[in-house]
Structures are given as C-alpha cells and as structure tokens.
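Listed below are the residues making up each chain.
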Amino acid sequence: MRASDDVCAVVLAAGLGTRLRPLTMLRPKALVPVGNMTLLDRTLERLAEVGLTGPDRVAVNTHWLAGQIAEHVDGLVRLSFEEEPLGTAGALGNLHGWIDGRAVLVLNADAYVAADAPEDLAALLSGWDGSRVRMHGVKAGLPDPFHGYNFAGASLLPAADVAALPDKPRELVRTIWRPAEQGGRLDVIPLPGRYLDCGTPADYLAANLHAAGGVNLFGDDVRVTGEAHGSVLGAGSRADGAVRDCVLWPGAYVAAHENLHRVIRVGRDLTVPAA
C-alpha cells in the first residue's frame with residue numbers, strides 16, 4: 001500500500017519533552033535512541049514503507065533543540081521551525097503553504113510502535129474515502145477514549161479539515177478529533193502490536209526493553225568486560241560493571257564497581273531511574 005499523491009505527512013517533533021528530563025535537556029525527544037535508533041528515524045522508516053519520503057512529502061516541525069534535528073535529517077525532510085510551540089493543530093496551520101491542499105498523515109515523533117505486521121500505516125490509508133478522520137488506537141487504559149480506544153500516535157486528516165486549522169497554538173483533539181467523533185465521521189483503526197509514547201523514563205525504558213526482546217542489543221564498538229543482560233548498549237558504550245534491563249546511551253560508561261538495574265545511563269555520571 002502506498003500513499004496517493006494528494007497525501008503528505010507531518011511528524012510532530014517540537015515538544016519540550018519535560019516529563020523525560022533530564023534526557024531531553026541533552027537531546028530533543030525525537031532524537032532519543034530506542035533500540036539504538038532514534039525515535040525520529042523509526043518514524044521516517046514507517047512513512048517510507050507507504051511511499052512517503054523526501055522534503056516534498058514529509059515535514060517535521062521543530063522548536064526545542066531544533067538545530068540537532070536539522071543536523072540529523074540534513075535535508076531529507078521539510079523542516080518547520082516554530083518560535084513558540086504551536087501544538088498539534090497549530091503545527092499544521094503553520095505549514096499550510098507547504099501542505100498546499102493535501103490530506104495529512106500526522107505522526108507523533110515520540111511514538112514507539114512495534115506492529116505485528118509491516119506497513120502499519122497502510123491500514124490508515126487503505127480504502128480511505130478522503131472525507132473521514134482516521135486514527136490509530138489501542139484499547140483504552142486512559143480517560144476520555146475514542147470509541148473505547150486511546151490515540152496511538154498516528155492520524156489521517158482530510159484536506160478540508162487541515163485547511164481550516166489556524167497557525168496559532170491549538171490541539172488536534174479539540175479542533176478535529178472530538179468534532180469528528182461527535183459528527184459520526186471518526187474511524188479508529190486498532191493498532192496491532194506494542195505502542196508506547198516514550199513520554200516518561202518508565203515508558204522510554206519499556207520501549208527499549210521491548211526492542212531488545214530480552215537479549216542484549218549492541219551498537220557499534222561496544223565493550224563489555226563486566227556483565228550485560230537484556231539491555232540496549234549504544235555505540236561506543238562500555239560496561240566494566242553489571243547492567244541488567246538497562247539502556248546505555250552512545251558513549252556511556254559503567255564502572256567496574258557499579259551494578260545497574262532498570263536505569264538509563266548517559267556518559268559516566270548521569271543515571272536516570274525508570275520510576
């Protein structure tokens with residue numbers, strides 16, 4: 001399944017990531033690594049599976065640590081810098097000229113999705129009539145669900161709905177999703193597999209451990225002279241001590257006397273617990 005020419009994609013990556021601090025004081029949330037791949041790269045791979053690639057078809061909005069994202073994507077997408085965060089709806093309003101009357105597949109950059117089938121976005125596109133609002137959903141575990149499902153990081157929006165969005169701070173939940181639900185034109189497509197929004201250290205660690213699948217996941221040039229069990233070890237990291245169910249960022253170090261469990265280690269000194 002490939003997206004038609006009248007569909008483009010916007011990846012929302014402008015958030016401050018306050019719940020994931022102090023990690024997001026070092027990198028924007030879109031660039032934190034999950035399974036040794038940034039969340040943004042995972043999102044762009046999903047879009048590529050349905051034929052959405054390049055700066056004519058994919059835009060990424062930025063605000064916090066925007067320069068890091070610009071350097072990372074290096075011309076592969078259209079960048080939309082926001083002087084102040086415009087929210088999920090305002091981000092699309094700010095891109096009206098680039099969207100140019102197309103429908104929009106909008107994705108949260110902080111979503112970790114491990115679908116049971118490839119091309120999970122194809123389910124949003126398949127058989128779409130261009131007038132109904134669609135979203136991925138997982139069985140509700142939070143208040144205020146949509147038809148018994150919580151939003152799972154991706155939504156397909158008709159061109160007419162997108163064209164009506166202002167370039168002011170607004171949210172999709174109030175401008176499009178709830179009105180579409182009340183008007184009987186919201187479709188929730190169940191997302192098979194695992195979804196986590198990586199908004200907190202606990203969910204961020206859970207996403208990494210899910211990607212590891214119970215074994216160690218090594219980046220390039222990792223050195224382990226101690227012990228490692230079920231952990232994600234980033235490129236150039238070194239574990240002279242013990243790590244179990246942990247994430248080591250690229251270049252992280254665990255000293256011989258340390259025994260780490262369910263934490264994120266950055267550099268030599270920053271240790272972020274999952275709790």
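Structure shown above.
Residues numbered from 1 in each chain as written. Predicted model: local features only at pLDDT ≥ 70, side-chain atom pairs only at ≥ 80, totals over all residues. Heavy atoms only, no water.

Asker: What should I look at first to understand the overall build of the chain in this one?
Answerer: Looking only at helices and strands, the chain features eight helices and 22 strands. Its C-alpha atoms give the chain a radius of gyration of 19 Å, near enough to 19 Å, the size a compact globule of 275 residues would have. The principal-axis extent of the C-alpha atoms belonging to the chain is close to 60 × 35 × 30 Å. Burial status across the chain gives 50% buried among its 275 residues. A sequence separation of at least 24 residues applies to 58% of the contacts in the chain between residues at least 6 apart. A total accessible area of about 11,900 Å² is found for the chain, and carbon and sulfur atoms account for 50% of it. Separation of charge centres in the chain, based on 25 positive and 32 negative side chains, amounts to 4 Å. (Helix = DSSP H or I, 4+ residues; strand = E, 2+ residues; numbered from the N terminus. Rg over C-alpha atoms; globule rule 2.2 N^0.38 Å. Buried < 20%, exposed > 50% of the residue type's maximum accessible area, 1.4 Å probe, protein only. Contact = heavy atoms within 4.5 Å. Areas by Shrake-Rupley, 256 points an atom, 1.4 Å probe, with all protein chains shown as cover. Lys, Arg positive; Asp, Glu negative; His and termini not counted. Charge placed at Lys NZ, Arg CZ, Asp CG, Glu CD.)

Asker: So what exactly am I meant to see when it comes to the packing of aromatic side chains here?
Answerer: In this description, a pair of aromatic rings is defined by centroid distance and the angle of the planes. Enumeration over the complete set of coordinates arrives at two aromatic pairs. Measuring from ring centre to ring centre gives 6.1 Å for Phe-146 and Trp-177, while their planes differ by 90°; the resulting arrangement is edge-to-face. Separated by 31 residues along the polypeptide, Phe-146 in the loop between strand 8 (133–139) and strand 9 (149–157) and Trp-177 in helix 7 (residues 172–182) bring together distant segments of the chain. Taken individually, Phe-146 and Trp-177 each receive the classification buried, so the pair is uniform in this respect. With a centroid separation of 4.4 Å and an interplanar angle of 40°, the aromatic rings of Phe-151 and Trp-177 are classed as tilted. Of this pair, Phe-151 sits in strand 9 while Trp-177 is found in helix 7, placing the two residues 26 residues apart along the sequence. Residue Phe-151 shares its accessibility class with Trp-177, and that shared class is buried. Each residue in the set Phe-146, Phe-151 and Trp-177 is aromatic and connected to the rest through ring pairs, giving one cluster. (Phe/Tyr/Trp six-rings, centres within 6.5 Å; stacked < 30°, edge-to-face > 60°.)

Asker: When you look at the sheet that holds strand 14 (residues 227–229) in this model, what are you seeing that I'm missing?
Answerer: Two pairing modes exist for strands in a sheet, parallel and antiparallel, and in both the strands are linked by backbone hydrogen bonds. On the basis of which strands lie adjacent, the open sheet formed by three strands has the order 14-17-20 and parallel pairing. Each of the sheet's edge strands pairs with one partner strand only, and the pair in question is strand 14 and strand 20 (259–261). Strand-to-strand twist of the sheet, defined as the mean angle between neighbouring strand axes without regard to direction, takes the value 5°. Direction of pairing for strand 17 (residues 242–244) relative to strand 20: parallel, over a ladder of three bridges. The residue bridging Arg-244 from the neighbouring strand is His-261, located in strand 20. (Pairing = 2+ DSSP bridges. Axes fitted to C-alpha atoms, helices over the stretch in contact; angles between N-to-C directions.)

Asker: I'm lost on the nonpolar core in this one. Help?
Answerer: Among the nonpolar cores identified, the biggest contains 29 residues, and Leu-40, Leu-47 and Leu-105 are the most heavily contacted of them. Counting only elements with at least two residues in this core, the list comes to strand 1 (7–12), helix 1 (39–49), strand 4 (58–62), helix 2 (66–73), strand 6 (103–108), helix 5 (122–125) and strand 9. Discounting chain neighbours no more than four positions away, the residues touching Leu-40 are Val-11, Ala-30, Leu-31, Val-60, Ile-69, His-72, Val-73 and Ala-109. (Core = buried A, V, L, I, M, F, W, Y, C linked by side-chain atoms within 4.5 Å.)

Asker: Explain the state of the cysteines to me, please; I cannot follow it from the model alone.
Answerer: Think of a disulfide as a covalent bridge from one cysteine sulfur atom to another cysteine sulfur atom. Considering all chains together, one arrives at zero disulfides under this definition. For Cys-198, which is in no disulfide, the shortest distance to another cysteine sulfur is to Cys-246 and amounts to 17 Å. Under the relative-accessibility criterion, Cys-198 is labelled buried at 0%. Residue classification places Cys-246 among the buried positions, given a relative accessible area of 0%. (Disulfide = S-S within 2.5 Å.)

Asker: Which parts of the structure should I look at to understand the sheet that holds strand 6?
Answerer: One open sheet holds the seven strands; their spatial order is 5-4-1-6-9-8-10, and the pairing between them is mixed. Whereas interior strands pair on both sides, the edge strands pair on one side only; in this sheet they are strand 5 (78–81) and strand 10 (186–190). Across the sheet, the axes of successive neighbouring strands diverge by a mean angle of 30°, strand direction being ignored. Across six bridges, the pairing between strand 1 and strand 6 is parallel. Looking at strand 6, one finds that Leu-12 is bridged to Asn-108. Set on the sheet, helix 7 makes contact with strand 6, strand 8, strand 9 and strand 10; between it and strand 9 the angle comes to about 95°.

Asker: What should I look at first to understand the layout of surface pockets in this one?
Answerer: One simple way to see leftover space: roll a probe sized like a water molecule over the atoms. There is about 1,200 Å³ of room inside the largest pocket. Thr-88, Asn-108, Asp-110, Phe-151 and Asp-197 are the residues nearest the centre of the largest pocket, which is lined by 40 residues in total. The set of elements that each furnish at least two residues to the lining of the largest pocket consists of helix 3 (87–93), strand 9, helix 7 and strand 11 (193–196). Among the elements that make up the lining of the largest pocket, the one with the highest residue count is helix 7 (five residues). (1 Å grid on protein atoms, 1.4 Å probe; cavity = no way out; pocket = protein on both sides within 12 Å on 5 of 7 lines; lining within 4 Å. Points joined across faces, edges and corners; volume = space filled by probe spheres on them.)

Bear in mind that shape data such as this cannot, by itself, settle questions of function.
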